Amino acid sequence: MMSEIKSPWPGPKGLIPVTSGKADDANVYNRAYLDSIHVEMRVIDAVLPDLGCEIFGEKFSSPIMMPAFSHLNKVGKDGKKPMVQYAEAALELNALNWVGMEPNDEYAEIAAVGAKTVRIIKPFMNHDKILDEIKFAEEHGAIAVGIDIDHVPGTDGKYDVVDGFPLGPVMQEELEKYVAATELPFVAKGVLSVQDAVKAKDAGCKAIIVSHHHGRIPFGIAPAQILPRIKETLEGSGVLVFADCSIDTGYDAYKLLALGADAVAVGRGILGPLLKDGREGVTKKVIEMNQQLSELMMYTGIKDACSFDKSVLYI
Ligand SMILES: Cc1cc2nc3c(=O)[nH]c(=O)nc-3n(C[C@H](O)[C@H](O)[C@H](O)COP(=O)(O)O)c2cc1C
């Protein structure tokens, strides 16, 4: 019986499923897995690293990105809109911004901030709604669009329903149609197997996010665990491989980058600072994470964001 809830990441009540904190909780396992990875030191010839990187043809100051959050405007205090505030932080930091499930009017307000943004759309049962949101994102300057393919099941074992909108299965041929419906790079968010990585590539996706969406799947493996296999499988394909889940420090980010991620997104790691201090809170947190990333890169002789090396890791 799962009674007492001790999730390390409960999040604001009612916003996201509160995970159990027990053996089935992929967040707990993920945290332990990330923490078990250690690094050797390579300081001779090590210099101050350059964190700059290029994603979808755009230049960013760091491979640490914003998360595809959603619904947060509902919990913003005093009329504040956290979805807009973290976009402002992305703009200030020159970080890639991501946006999850938001109605078109809210999406337009976030896009108007001017940060380079990727829109992630839910796998709605209504495919026309997906196509409409892809088009809207295009018209509002998104630099990529995608679907969180891992948000199909609900906790009742049926297709999930979010805000009254039924979600449905993601069939590969439908994915191909969404990819073909836009000129923008298409992202499959929530890949946690080599099989799905290959299917996403074959469907024409230009990027994937290795993720279990803050522990949606019970007993899910750690993204860090599957990342090297996925990276190796997609080598030479041109598909970018991003990762997220449980990244709370620049050291966590370093480990995923060393394991092969082209860039990483911080999820609930910025949620507390965002809800407490808005744009400033997020900016401060990400600057600190970039400092930690730079520190560990310098200790391990990694000169820039294109030169990460898995051989420094002890797993
Ligand atoms: C409040 C909240 C809302 C989210 N909404 C979405 C969403 O609409 N679409 C999506 O793909 N991911 C969504 N996510 C998941 C994040 O994009 C990300 O995958 C996840 O938070 C990473 O795990 P972490 O929180 O452990 O870093 C949401 C996460 C939170 C905390």
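Relevant structure appears above.
Here the residue numbering is sequential within each chain, running from 1 through the sequence in written order. In keeping with the model being predicted, local features are shown solely for residues with a pLDDT of at least 70 and side-chain atom pairs are shown and tallied solely at 80 or more, while totals for entire chains, interfaces and linings include all residues. Think of the side-chain values as coming from all heavy atoms in the structure, minus any hydrogens and water.

Undergrad: Quick question: what am I supposed to make of empty space enclosed by the protein here?
TA: Empty space among the atoms becomes visible once a probe the size of a water molecule is rolled across them. The rule is simple: put a 1 Å grid over the protein atoms alone, call a set of points where a 1.4 Å probe fits but cannot get out a cavity, call an open set with protein on both sides within 12 Å along at least five of seven lines a pocket, and count a residue as lining if it has an atom within 4 Å of a point. Grid points are joined across faces, edges and corners, and a volume is the space filled by probe spheres set on the points. What the rule picks out here adds up to one cavity of 30 Å³ or more. Here the largest cavity is characterised by a volume of approximately 40 Å³. Around the largest cavity sit Pro-123, Phe-124, His-127, Ile-130, Ile-147, Gly-168, Pro-169, Val-170, Glu-174 and Tyr-178, which together line it. A helix here means a DSSP run of H or I that spans at least four residues, while a strand means a run of E at least two residues long, and both kinds are numbered starting from the N terminus. Contributing elements (two or more residues each) for the lining of the largest cavity: helix H4 (127–139) and helix H5 (172–180).

Undergrad: Explain the nonpolar core to me, please; I cannot follow it from the model alone.
TA: Side chains of nonpolar character tend, in soluble globular proteins, to be buried together. Note on terminology: a nonpolar core comprises buried Ala, Val, Leu, Ile, Met, Phe, Trp, Tyr and Cys residues joined through side-chain atoms within 4.5 Å. We call a residue buried when its accessible area falls under 20% of the maximum for its residue type, exposed when it is over 50%, and partly exposed in between, using a 1.4 Å probe and counting protein chains only. Ile-208 and Tyr-254 are the most contacted members of the largest nonpolar core, which totals 99 residues. Broken down by element, the residue count for this core peaks at eight residues, all from helix H9 (residues 271–299). Whether two residues touch is decided by their heavy atoms; if any such pair falls within 4.5 Å, the residues are in contact. Those residues within four positions of Tyr-254 in sequence are excluded, and the remaining contacts are Val-39, Leu-293, Leu-296, Met-297, Thr-300, Ile-302, Phe-308, Val-312 and Leu-313.

Undergrad: In this structure, what is going on with the pairing of strand S13 (residues 240–244)? I would like to understand it.
TA: The two faces of a sheet get side chains in turn, since along a regular strand they alternate between them. Within S13, four of the five residues are buried, which leaves it mostly tucked inside the rest of the structure. Here a strand pair is declared whenever DSSP counts at least two bridges between the two strands. Where strand S12 (residues 207–210) lies against S13, four bridges are found, and the strand directions are parallel. Residue pairing across strands places Ile-208 opposite Val-241, the latter belonging to S13. When the strands point away from the viewer, a crossover counts as right-handed if the path from the first strand over the helix to the second runs clockwise. Each parallel crossover has a hand, and for S12 linked through helix H7 (residues 223–234) to S13 it is right-handed. The sheet contact formed by S13 and strand S14 (residues 263–265) spans three bridges and is parallel. Within S14, the residue paired with Asp-244 across the bridge is Ala-265. Between S13 and its parallel partner S14, the chain crosses via helix H8 (residues 250–258), and the hand of that crossover is right-handed.

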